[in-house]
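Chain residues, written in single-letter form:
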Amino acid sequence: QVQLVESGGGLVQAGGSLRLSCVASGRTSSNDAMGWFRQAPGKEREFVAAISGNGGTTLYADSAKGRFTISRVNAKNTVYLQMSSLKSEDTAVYYCATRGRVIAVTEPTLYTYWGQGTQVTVSS
């Protein structure tokens, strides 16, 4: 089993920044791809960003490009999502996930383990 714990969410004004963290523990490998997803009330879970096992490949949703940066520190089993220029439409519960494979993908059904999520609220 793999446990993922997100942190760093909160309330921020539009235009502000937040950094989310996700720490993995258990039967995890530093070579596993990690992803960030989000789900707003009444909407389906959507892809935000993903990073390959060695950090060499990053993927972003169009809504995140230029504003969000995903990174990882394998020695800490931690992946980060730096979010800037936040908008009210970024308000959602943010989840990290891992898939037991090196290659990063955008499809949530290909991720095996999920964290409990952290709430991000952007006030306008």
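Residues numbered from 1 in each chain as written. Predicted model: local features only at pLDDT ≥ 70, side-chain atom pairs only at ≥ 80, totals over all residues. Heavy atoms only, no water.

1. Side note on the overall build of the protein
Here is step 1: Scanning the protein from terminus to terminus reveals zero helices and eleven strands.
Here is step 2: Along its sequence from the N terminus, the protein presents helices and strands in the succession β-β-β-β-β-β-β-β-β-β-β.
Here is step 3: At 13 Å, the protein has a C-alpha radius of gyration in line with the 14 Å of a compact globule built from 124 residues.
Here is step 4: Projected onto its principal axes, the C-alpha coordinates of the protein cover approximately 40 × 25 × 25 Å.
Here is step 5: Within the protein, the fraction of its 124 residues that count as buried is 41%.
Here is step 6: Taking the contacts inside the protein whose residues are at least 6 apart along the sequence as the reference set, 58% of them involve residues at least 24 apart.
Here is step 7: Total accessible area on the protein is roughly 6,300 Å²; 47% of this is exposed by carbon and sulfur atoms.
Here is step 8: Charged side chains of the protein number 12 positive and 8 negative; the gap between the two group centres comes to 7 Å. (Helix = DSSP H or I, 4+ residues; strand = E, 2+ residues; numbered from the N terminus. Rg over C-alpha atoms; globule rule 2.2 N^0.38 Å. Buried < 20%, exposed > 50% of the residue type's maximum accessible area, 1.4 Å probe, protein only. Contact = heavy atoms within 4.5 Å. Areas by Shrake-Rupley, 256 points an atom, 1.4 Å probe, with all protein chains shown as cover. Lys, Arg positive; Asp, Glu negative; His and termini not counted. Charge placed at Lys NZ, Arg CZ, Asp CG, Glu CD.)

2. So, the environment of Tyr95
Here is step 1: With respect to the secondary-structure elements, Tyr95 resides in strand β9 (residues 92–98).
Here is step 2: Residues Tyr95 and Lys43, 52 residues apart in the sequence, show an inter-C-alpha distance of 14 Å.
Here is step 3: Setting aside its immediate chain neighbours within four residues, Tyr95 contacts Glu6, Gly35, Trp36, Phe37, Gln39, Arg45, Trp114, Gly115, Gln116 and Gly117.

3. Digging into the pattern of salt bridges
As a working rule, side chains carrying opposite charge can pair if their charged atoms are close by.
Here is step 1: One pass over the structure, following the stated rule, counts four salt bridges.
Here is step 2: Between Arg38 and Asp90 there is a salt bridge, and its shortest N-O distance comes to 2.9 Å. With Arg38 in strand β4 (residues 34–39) and Asp90 in the loop between β8 (78–83) and β9, this pair connects stretches of sequence that are 52 residues apart. Note on accessibility: Arg38 and Asp90 belong to one class, buried.
Here is step 3: Ionic contacts of the salt-bridge type, sharing partners, join the residues Arg38, Glu46, Arg67 and Asp90 into one network. (Salt bridge = Lys/Arg side-chain N within 4 Å of Asp/Glu carboxyl O.)

4. Here's the deal with the sheet that holds strand β3 (residues 18–26)
Here is step 1: Here we have four strands laid out as an open sheet, ordered β1-β3-β8-β7, and antiparallel in their pairing. Two strands close off the open sheet at either side, each with one partner strand: β1 (2–7) and β7 (68–73). Direction aside, neighbouring strands of the sheet carry axes that sit 15° apart on average.
Here is step 2: Examined bridge by bridge, β7 and β8 share six bridges and lie antiparallel to one another. Following the sheet pairing, Arg72 is matched in β8 by Val79. (Pairing = 2+ DSSP bridges. Axes fitted to C-alpha atoms, helices over the stretch in contact; angles between N-to-C directions.)

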